[in-house]
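For reference, the chains in residue letters:
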Amino acid sequence: MKISFSINGKSQVLELDGNTPLLWAIRDVLDLKGTKFGCGKAACGACTIHVDGKAVRSCSFPVKMADGKEITTIEGLSKDGDLHPVQQAWKDEIVPQCGYCQPGFIMATAAMLNEIPNPTDEDIDQNIINICRCGTYYRMRKAIHKAAKLQNLQK
Amino acid sequence: MMKHTIVGFVIIAIILSLSFSLESTNNIGQKTYQDGDEIEVMIGDDPFDKMMAVLLHKRCVNCHPGGDIPLQGEDSHLHNFDIERGPDDHGLAGYTCETCHSSENNDFSGVPGAPHWALAPRSMAWEGKTRVEIASQMMDPNRNGGRTPKEIEEHLTEHELVLWAWNPGVDAEGTPREVPPVSKEEFIEAVKEWIEAGAIIPAE
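This structure is a prediction, so every number in the text was calculated from the model and none was measured.

1. A look at the nonpolar core
Thought 1: With 50 residues, the main nonpolar core has A:A66, A:I106 and A:M107 as its most contacted residues.
Thought 2: Contributions of two or more residues to this core are made by strand 1 (2–7), helix 1 (22–29), strand 3 (48–51), strand 4 (54–57), helix 2 (85–92), helix 3 (102–115) and helix 5 (137–154) of chain A.
Thought 3: No other element matches helix 3 of chain A, which puts 8 residues into this core.
Thought 4: Excluding residues that lie within four positions of it along the chain, A:M107 makes contacts with A:T48, A:I49, A:H50, A:A55, A:I74 and A:L77.
Thought 5: If you look at the next biggest cluster of nonpolar residues, it comprises 25 residues, including B:M52, B:V162, B:W164 and B:A190.

Following this line, the structure appears as structure tokens:
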């Protein structure tokens, strides 16, 4: 079937099986490799992207449901060459270790900050439930608080 | 030879007695799944019995939990990953039900889905309650969101999320989820019959 959507500000029309996970359309068809495959069952969050600004786990999202939507991946999070506040904070706090799961965490954090601009530690615990096997959670918590400050300064 | 004849009579007697027993109690056989295998269970023919056999099933109770954490799976364990009810029964602000559940089942990931995927409100918690308690709160406008009996009937017989129970998809291993022990058609008929007859809740 034919599916049209905007991804990182660019219009795309794809012809493929509507039940294909959006993750595969992003990685294999559109060649955007920043979004990662982790578990394939919406459990780990490595494949988190934004669909109309909301966090979605793309391994469990059929591409047909993306029709007419606005999709953002890690490649499109920053605007005009400036790092997104979450990316900047991640860099400042040197969060990643192996780095594999980090795009998913960054996308989940960016979506949370749109809803909760000043998250408490409890908000972070409740809303950021991706999995990092390097155990970078402590640095992520610091980075999330910093990202909130950077984002609020931009407003 | 004599021994074989006696064994034959005994087997026929057992079959006849079982047939009579089934007819006399007016039970109906229903197919369902347990641990991935199709099995048959027996439910009484009374509309209330049929309706409650469905409402007490894990496909319903998992989203009508007693607390603020959804239940999941065939053993109704607390939802993995610290998932919470949230302020509007749709999860938390940055992490809603729709982050993983879409409007239909996903057979690739094994994540179930249906339109309006959400928890029932706390006032409609069924976990751990008897069928009389569940039926009473279901018909009580103070606890059922102000619904009339007709609206309850519509919710039970037409709402896509309720009817998902008969199309629950497969889990991440590809195993079909268990469906309620009464067919969708018989459930709908039973609900309508029970409500039309005055929604009488039996004393138990």
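2. What to know about the sheet that holds strand 2 (residues 10–15) of chain A
All names here are of chain A.
Thought 1: Ordered in space as 2-1-5-3-4, the 5 strands form an open sheet in which the pairing is mixed. Each having just a single partner strand, strand 2 and strand 4 make up the two edges of the open sheet. In this sheet, neighbouring strand axes are inclined to one another by 40° on average, regardless of whether the strands run parallel or antiparallel.
Thought 2: Summarising the sheet, strand 1 and strand 2 pair through 6 bridges and their orientation is antiparallel. Residue pairing in the sheet places K2 in a bridge with E15 of strand 2.

3. Considerations on the domain arrangement of chain A
Residues and elements named next belong to chain A.
Thought 1: Splitting chain A by domain gives domain 1 (2–75) and domain 2 (85–154).
Thought 2: On a C-alpha basis, the centroid separation for the pair domain 1 and domain 2 is 21 Å.
Thought 3: Counting residues at the interface gives 15 residues for domain 1 and 12 residues for domain 2.
Thought 4: Mapped by element, the contributors of at least two residues to the side of domain 1 that touches domain 2 are strand 3 and strand 4.
Thought 5: It is strand 3 that contributes the most residues to the side of domain 1 that touches domain 2, 3 residues altogether.
Thought 6: Grouping the constituent residues of the side of domain 1 that touches domain 2 by class yields 6 nonpolar, 7 polar and 2 charged.

4. A short note on helix 2 (residues 47–55) of chain B
Thought 1: Buried residues dominate helix 2 of chain B, accounting for 8 of its 9 residues.
Thought 2: Within helix 2 of chain B, the full set of buried residues consists of B:P47, B:F48, B:K50, B:M51, B:M52, B:A53, B:V54 and B:L55.

5. Re the pairing of strand 3 of chain A
All names here are of chain A.
Thought 1: Burial of the side chains of strand 3 extends over both faces: T48 and H50 are buried on one face and I49 and V51 on the other.
Thought 2: For strand 3 and strand 4, the ladder comprises 4 bridges, and the chain directions are antiparallel. Considered in strand 4, the bridge of H50 is made with A55.
Thought 3: Hairpin geometry of strand 3 and strand 4 is characterised by an intervening segment of 2 residues between the two adjacent antiparallel strands and by a positive phi of about 50° at D52.
Thought 4: As judged from the 2 bridges shared by strand 3 and strand 5 (residues 70–72), these two strands associate in the antiparallel manner. From the neighbouring strand, H50 faces strand 5, where its bridge partner is T72.

6. Some words on the interface of chain B and chain A
Thought 1: Each side of the interface is counted separately: chain B has 19 residues, and chain A has 22 residues.
Thought 2: When the residues that make up the side of chain B that touches chain A are grouped by side-chain class, the tally is 8 nonpolar, 8 polar and 3 charged.

What counts, and at which threshold
- Starting afresh in each chain, residues are numbered from 1 along the sequence in its written order.
- As they are written, the chains are lettered A onward and the ligands numbered 1 onward, keeping that order.
- Local features are withheld for residues below a pLDDT of 70 in this predicted model, meaning they are given only at 70 or higher, and side-chain atom pairs are given and counted only at 80 or more; totals for whole chains, interfaces and linings count all residues.
- For this analysis, nonpolar core means a set of buried Ala, Val, Leu, Ile, Met, Phe, Trp, Tyr and Cys residues linked through C-beta atoms within 7 Å.
- Exposure classes come from backbone-placed C-beta atoms, where a residue is buried if 20 or more other C-beta atoms lie within 10 Å of its own, exposed if 12 or fewer do, and partly exposed in between.
- Working definition: helices are DSSP H or I runs of at least four residues, strands are E runs of at least two. Numbering for both runs from the N terminus.
- Contact between two residues is assigned when their C-beta atoms, built from the backbone, lie within 7 Å.
- One requirement defines pairing of two strands: DSSP has to find at least two bridges between them.
- Structural elements are reduced to axes, namely lines fitted to C-alpha atoms, with helices fitted over the stretch in contact, and the angle between N-to-C directions of any two is expressed from 0 to 180 degrees.
- Those domain boundaries reflect an automatic or database domain assignment.
- We call Asp, Glu, Lys and Arg charged. Ala, Val, Leu, Ile, Met, Phe, Trp, Tyr, Cys and Pro are nonpolar, and the rest, Gly among them, are polar.

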